[in-house]
Each structure stands twice: as C-alpha cells, then as structure tokens.
Amino acid sequence: MEDTLLQFIRHLRHHGVSVSTAETLDAMQVAATLGYSDKALLYHGLSSCLAKTEEERDQYQLCFQRFFEFSDANKATTSSDPAGEQPPGAETENAEPPPSGDGQGSGSGAGMGGADSSADAQADSNQDQLRAEVIRAAAEEGLENLRYSTQRGVYRRRMLDALGDGARQAEIRRLAEGDDAEQARGQWLSRQRELQISMVKEMIDRQLLLNNNAENREIQEQLMRDSAISALDQYYLKKLPQLIRKLAKKLASRHRQRLHRAKRDKPDLGKTLRRNLAYGGIPFHRFWRQKKREKSEIFILCDLSGSVSTWSRVLMLFVQSLADVLPNTRSFVFCGKSYEVSDYFKNYSDEEALAKIQQQYGMGGSDYGLALTSFRDQIIDRVNRRSCIIILGDGRGNGGNTGIDALRELYQRARILLWFNPEPQSRWNTGDSEIRRYQSAAHYVAECGSLRKLEHLLDDLLNLLR
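Scoring rules and cut-offs
Residues numbered from 1 in each chain as written. Predicted model: local features only at pLDDT ≥ 70, side-chain atom pairs only at ≥ 80, totals over all residues. Heavy atoms only, no water. Helix = DSSP H or I, 4+ residues; strand = E, 2+ residues; numbered from the N terminus. Buried < 20%, exposed > 50% of the residue type's maximum accessible area, 1.4 Å probe, protein only. Contact = heavy atoms within 4.5 Å. Phe/Tyr/Trp six-rings, centres within 6.5 Å; stacked < 30°, edge-to-face > 60°. Core = buried A, V, L, I, M, F, W, Y, C linked by side-chain atoms within 4.5 Å. Polar contact = N/O pair within 3.5 Å; in protein donor to acceptor, adjacent residues only side chain to side chain. Pairing = 2+ DSSP bridges. Axes fitted to C-alpha atoms, helices over the stretch in contact; angles between N-to-C directions. Salt bridge = Lys/Arg side-chain N within 4 Å of Asp/Glu carboxyl O. Parallel < 35°, antiparallel > 145°, perpendicular 65-115°, else oblique. Left-handed = near helix turned anticlockwise from the far one by under 90°. Nonpolar A, V, L, I, M, F, W, Y, C, P; charged D, E, K, R; others polar. pLDDT = per-residue confidence, 0-100. Expected span 1.5 Å × (residues − 1). Patch = residues over 30% accessible without salt bridge, like charges linked within 9 Å, V, L, I, M, F, W, Y side chains within 5 Å. Areas by Shrake-Rupley, 256 points an atom, 1.4 Å probe, with all protein chains shown as cover. Arc of directions from axis to C-beta.

Colleague: Mind showing me how you'd approach the overall build of the chain here?
Modeller: Broken down by element type, the chain carries 18 helices and eight strands. Expressed as a percentage of its 466 residues, the buried residues of the chain come to 42%. Contacts in the chain between residues far apart in sequence, at least 24 positions, make up 75% of those at least 6 positions apart.

Colleague: Before we go on, may I ask you to explain the side chain of Glu297 in this structure?
Modeller: With respect to the helices and strands, Glu297 occurs in strand β3 (residues 297-303). In contact with Glu297, not counting residues within four places along its chain, are Asn328, Arg330, Arg382, Arg386, Ser387 and Cys388.

Colleague: Help me understand the packing of aromatic side chains, please; the structure alone is not making it clear to me.
Modeller: Given two aromatic rings, their pairing is described by the distance between the two centres and the angle made by the two planes. Using the criterion set out here, one finds 13 aromatic pairs in the structure. When the centroid spacing of 5.9 Å and the interplanar angle of 65° are considered together, the rings of Phe8 and Tyr60 count as edge-to-face. You can see Phe8 sitting in helix α1 (residues 2-14) and its partner Tyr60 sitting in helix α4 (residues 54-73), a full 52 residues away along the chain. Each member of the pair, Phe8 together with Tyr60, is buried. On the numbers, 6.0 Å between centres and 25° between planes, the contact of Tyr368 with Trp419 is stacked.

Colleague: Can you help me understand the nonpolar core in this one?
Modeller: Most often, soluble globular proteins keep nonpolar side chains buried together rather than apart. One finds Leu315, Phe318, Leu322, Ile390 and Phe420 to be the most contacted residues of the largest nonpolar core, which totals 48 residues. Looking at this core, the elements with two or more residues in it are α10 (234-262), β3, α12 (309-321), α13 (342-347), α14 (350-361), β6 (387-392), β7 (416-421) and α18 (451-465). Ignoring any residue separated from it by four or fewer positions in sequence, one finds Ile390 in contact with Ile298, Phe299, Ile300, Leu301, Leu315, Leu418, Phe420 and Leu461. One finds Tyr368, Ile404, Leu407 and Trp419 within the second-largest nonpolar core, a separate group that totals 26 residues.

Colleague: Looking at this structure, I do not really get the environment of Glu171. What am I missing?
Modeller: The residue Glu171 is located in helix α8 (residues 165-176) in this model. The class for Glu171 is partly exposed, based on a relative accessible area of 30%. Sequence-wise, Glu171 and Ser190 are 19 residues apart; in three dimensions their C-alpha atoms are separated by 9.6 Å. Of the polar contacts made by the side chain of Glu171, one reaches the side chain of Arg174; its length is 2.7 Å.

Colleague: Would you take a moment to explain the sheet that holds β3 for this structure?
Modeller: Pairing within the open sheet is mixed, and its six strands lie in the order β5-β4-β3-β6-β7-β8. Whereas interior strands pair on both sides, the edge strands pair on one side only; in this sheet they are β5 (338-340) and β8 (444-447). The mean inter-strand angle of the sheet, taken between neighbouring strand axes irrespective of direction, is 20°. By the bridge criterion, six bridges tie β3 to strand β4 (residues 329-334) in an arrangement that is parallel. Opposite Leu301, over in β4, you have Phe332 as the bridge partner. In the packing of helix α16 (residues 404-413) onto the sheet, contacts are made with β6 and β7, and the angle to β7 comes to roughly 130°.

Colleague: Quick question: what am I supposed to make of the pattern of salt bridges here?
Modeller: A side chain of one charge can pair with a side chain of the opposite charge if their charged atoms are brought near each other. Scanning all chains against the criterion turns up 21 salt bridges. For the salt bridge of Glu297 with Arg382, the shortest nitrogen-to-oxygen distance reads 3.1 Å. A residue pair is termed long-range when its members are at least 10 positions apart, and Glu297 in strand β3 and Arg382 in the loop between α15 (368-379) and β6 qualify at 85 residues. Exposure remark for Arg382: the relative accessible area of 45% places this residue in the partly exposed category. Where Glu423 meets Arg427, a salt bridge forms, and the shortest distance between an N and an O atom there is 3.7 Å.

Colleague: Looking at this structure, I do not really get the packing of helix α2 (residues 21-34) against helix α3 (residues 39-50). What am I missing?
Modeller: In a packed pair of helices, the relevant descriptors are the angle between the two axes and the axis-to-axis distance. At a minimum axis distance of 9 Å, the contact between α2 and α3 shows a crossing angle of 160°. Looking at the two axes, α2 sits roughly antiparallel to α3. Remark: the crossing between α2 and α3 carries right-handed chirality. Between α2 and α3, the contacting residues are Glu23, Asp26, Ala27, Val30, Ala31 and Leu34 on the first element and Leu41, Leu42, Gly45, Leu46, Cys49 and Leu50 on the second. Residue composition of the contact of α2 with α3, by class: nine nonpolar, one polar and two charged.

Colleague: What am I meant to see in the pairing of β3 here?
Modeller: A regular strand places its side chains on the two faces of the sheet in alternate fashion. Here β3 lies mainly inside the structure; seven of its seven residues are buried. Bridging between β3 and β6 involves six bridges; their strand directions are parallel. Residue Cys302 lies in a different strand from β6, and its bridge partner there is Leu392.

Colleague: So what exactly am I meant to see when it comes to the confidence of the model for the chain here?
Modeller: Interpretation of this model should avoid reading the predicted coordinates in detail wherever pLDDT is low. Per-residue confidence for the chain averages 79 on the pLDDT scale, and 81% of its residues sit at or above 70. Counting interchain partners and residues more than four positions distant, the pLDDT-below-50 stretch residues 71-81 has 17 contacts. Within the model, pLDDT remains below 50 along residues 91-113, and this stretch shows six contacts once partners closer than five positions in the same chain are excluded.

Colleague: Explain unusual backbone geometry to me, please; I cannot follow it from the model alone.
Modeller: Both trends apply: most residues other than glycine have a negative phi, and most peptide bonds are in trans. A positive phi angle, near 60°, is found at Asn429, a position not held by glycine. Taking relative accessible area as the criterion, Asn429 reaches 32% and is therefore assigned partly exposed.

Colleague: Would you mind showing me how to read α1 here?
Modeller: At 3.6 residues per turn, the α-helix brings residues three or four places apart onto the same side. Counted at 1.5 Å a residue, the expected span for α1 with its 13 residues is 18 Å, and the 18 Å between its end C-alpha atoms agrees. If you check which residues of α1 are buried, you get Thr4, Leu5, Gln7, Phe8, Ile9, His11 and Leu12.

Colleague: Honestly, a nonpolar patch on the surface in this entry has me stumped. Any pointers?
Modeller: Together, Tyr279, Ile282 and Phe284 make up an exposed nonpolar region whose accessible area comes to about 320 Å². Tracing the sequence through the fold places Phe284 in the loop between α11 (269-275) and β2 (288-290).

Colleague: Please explain α2 as it appears in this structure.
Modeller: For α2, with 14 residues, the first-to-last C-alpha span of 20 Å sits near the 20 Å given by 1.5 Å per residue. Of the positions making up α2, those classed as buried are Glu23, Thr24, Ala27 and Ala31. Seen along its axis, α2 keeps its buried residues to an arc of 100°; they face one direction. α2 presents Thr21, Leu25, Gln29, Ala32 and Thr33 as exposed residues on the side facing more than 90 degrees away from its buried surface. Lining the buried residues of α2 we find α1 and α3.

See the structure below:
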C-alpha cells in the first residue's frame, strides 16, 4: 500500500502542503504500523508527521477526505454486492459441520453465525484486494498526471490493461462454454470484473477532481500574485493572507539558509581536532568560527488612508510572516500623525491586529507632513547605520506640507531608506503627487502594485541585510 501513501503525499504537495523526504519516510512507518483499515486512526497518525501548521492541517484534512473517499465509497458491502460473493465452491470448502447432540438447535444457529462472519471477512478481504489492484494499476500508469476529462478513456484502457483485463475476458469466455461449475465460476468472475471497472471509473473521476482543484488553486494564486491588489475583489482579498504566509514561508526558508551560511567564517581547526579525537582524528564533525553579525533594526511606516490602505495591510502581514528572518521590526501607521502598532501583532493574531489597527487609525486623508515629522520624532534616537526604513504610500498629501526635511534627516542617518509606491509609475508626479521630491530623500523608490512585485522587493531587501 506504499503506492497509495505516495499518491496521497503527492496530492498534499500539489495543494501547498510541504512534505520533505524525511517526513515521507516517517509517514510510511506510521502507515505500516497503523494499517489502512481504521481511517480515523490513520488520519491522526499521518497528521502528526505531515501537517505542521494550522493552515497545513486544514488543507491536510480536506485532502485526506477527498483522497480516501474512493476507499470509503467502496468499503461497504451488501448481500447484493458482487464483492460480497464467494467464488463457486468456496462455500463447501469453508463450511463447518453443525454440532450434534441435544443442543443441535442452538448449535446450528451458532454455526450459521460463524459462517456469516467468515463470509463477511472473506468479502472484505476480496474487495480490499480488488481495490489494491486498482491503486497499483493507477500508480503504474501515472494516473496522477490526468488533467483533462477527455483523457478518461485513455487512462481507463491503460489501467484495465495493467489489471490484465484482456486475459480475464478470455477466461470468462472460456468458462462460459464449460459445464455448470465452470459457467458459475465465469459468472462470478464477470461480476468481479464489473466491480473493478466501476472502481477504476470512480478512481479516475476522483483523480480528475483532485488535480483540477490543485490546478485551479495554482491559477488563482498566480492571478493574485500578478494582479494589482486594487483590482482584486473581496473573494480574492479574503484568500490573500493564506497566500502571503505561503510566500513568506518560502522566502524565509531560503534566506534562513543564507543567514546560516553567512555566519560561518573560517574553519575552527583546533575545535575540530579536539572533538574528533575519538575517531582517530578523522574530521567527522567540522566546526567553524562564527561571525558576530550586528542585527539590523527595521522601521515600517504605512499609509492607512483609503487610497492605499489595502497595500499597507498586505505589507504589514508580509513582514509579520517574515518574523524569523526579520525579528527586529517596528511597525507604524498614519493618516495624520504616526502611531506605533507593533504591540498589536504581539497581543492579537495577524488578522485581528490588522482589523483593530484599521479601525482605530485608518480614518481620514493623508497628511505626509505631520506623519513624517511625528515618525522622525519617535525613532530618530534609534536610527543608525544598521537601520532600515520602509515607507509605503502614494506620496499624495493633498497639497499640504510634504515633511521632506524630516525624511531627509532619516535618510542621512539610516543604512537604507526605501519607499514603496503602490501606484503605477505612469501616475507618479501627476496631480498632487509629491513622489519626485521624496525620491531625492530615499535610496530607492519602487512600484509595489502587485503581490509578486512586493515579494521581489522584500527578497532584495533580505539579500541586502544578510
């Protein structure tokens, strides 16, 4: 049944659940220990080594239900189910003689009950064998590659060939021309074939549904990454947090490895030799001198006015999801005066924190003069050559004070000052936009109108800070 588990793990990966090779081996050991008969036990056992986060557990539950419903749909047997029949002759071979004596009446009833239990066990075993053969054929023929409904017939024929259906049909035709016993055997074999064909059809339909769901999810994610955030409707906006966490997890994983390597300096030969004396001096374990790296402190200032509030929420959520590689981050928001909101993310979940921040500080139009001045006053004592400042806003101050002097002071003190503008560049410096003036007091001004662009900008930032 390893093929079944490997197919299930492939579906988990298609649906965004990362499963490593080590976790796959753990899952195989769990499945071998628990077996596949008790679905609830198998569900919790595999969950312990395949689903690591809350989002992955939700996706794992959905994939488990959809994947194993094929087995559940065919699990129940009835008296009319051909899988519940025994091959002709099996009744005689397995039957037990009734006990003799005075207790013949009650003893006969017990004997019939034992025969029924034996028949049920044999029926379940026979059906499990048919199902196992279908799963094996699906793995051999690469059913996981099924993408289009027009491919149903092709994969059906391939799987039936892998099951030896041609030879089975020839055997059925030969038995049909024999004596009564052979004809009965042929009829039983024909019913078994029909049941297995229905299993093949159900498995193909299930596979097509699973693959289409995975592809639709990937298409939706590509759409959300490449589209302007302002163009996304409420349906996609509700799905953004999950996608942002997924992208941030990949980004953090990649840069965590880089940071680990960057900490290494020269080999520590003395420590390496001392720690490997037990192995005759062979350096099985190597040790490196560690570089002392000064951590960067990051300050984020986001505009919460109606025109760009969605982008600000996305940036803050993205940065919070990168906490592993950006631990020293302080978040500020403004419409008029700037306020620090870092504690909201410490005391509430990300979604709750963003909702409370928007409710308390997100009313009104932008006043960049007041915002930048108050922002400078709050952080100026902390800004130095290790500091990184990110400002997200469209630079439209409604004709008021620009606060350019405060921005220049921060620019001169900080290691890097970035300005992320969600508007397309074609709209910069039009109307009341002051982005050209802000460009003179920033190391880099970039467009971040889509999730993909924002992801690339944060990736570049992490490269600079390592």
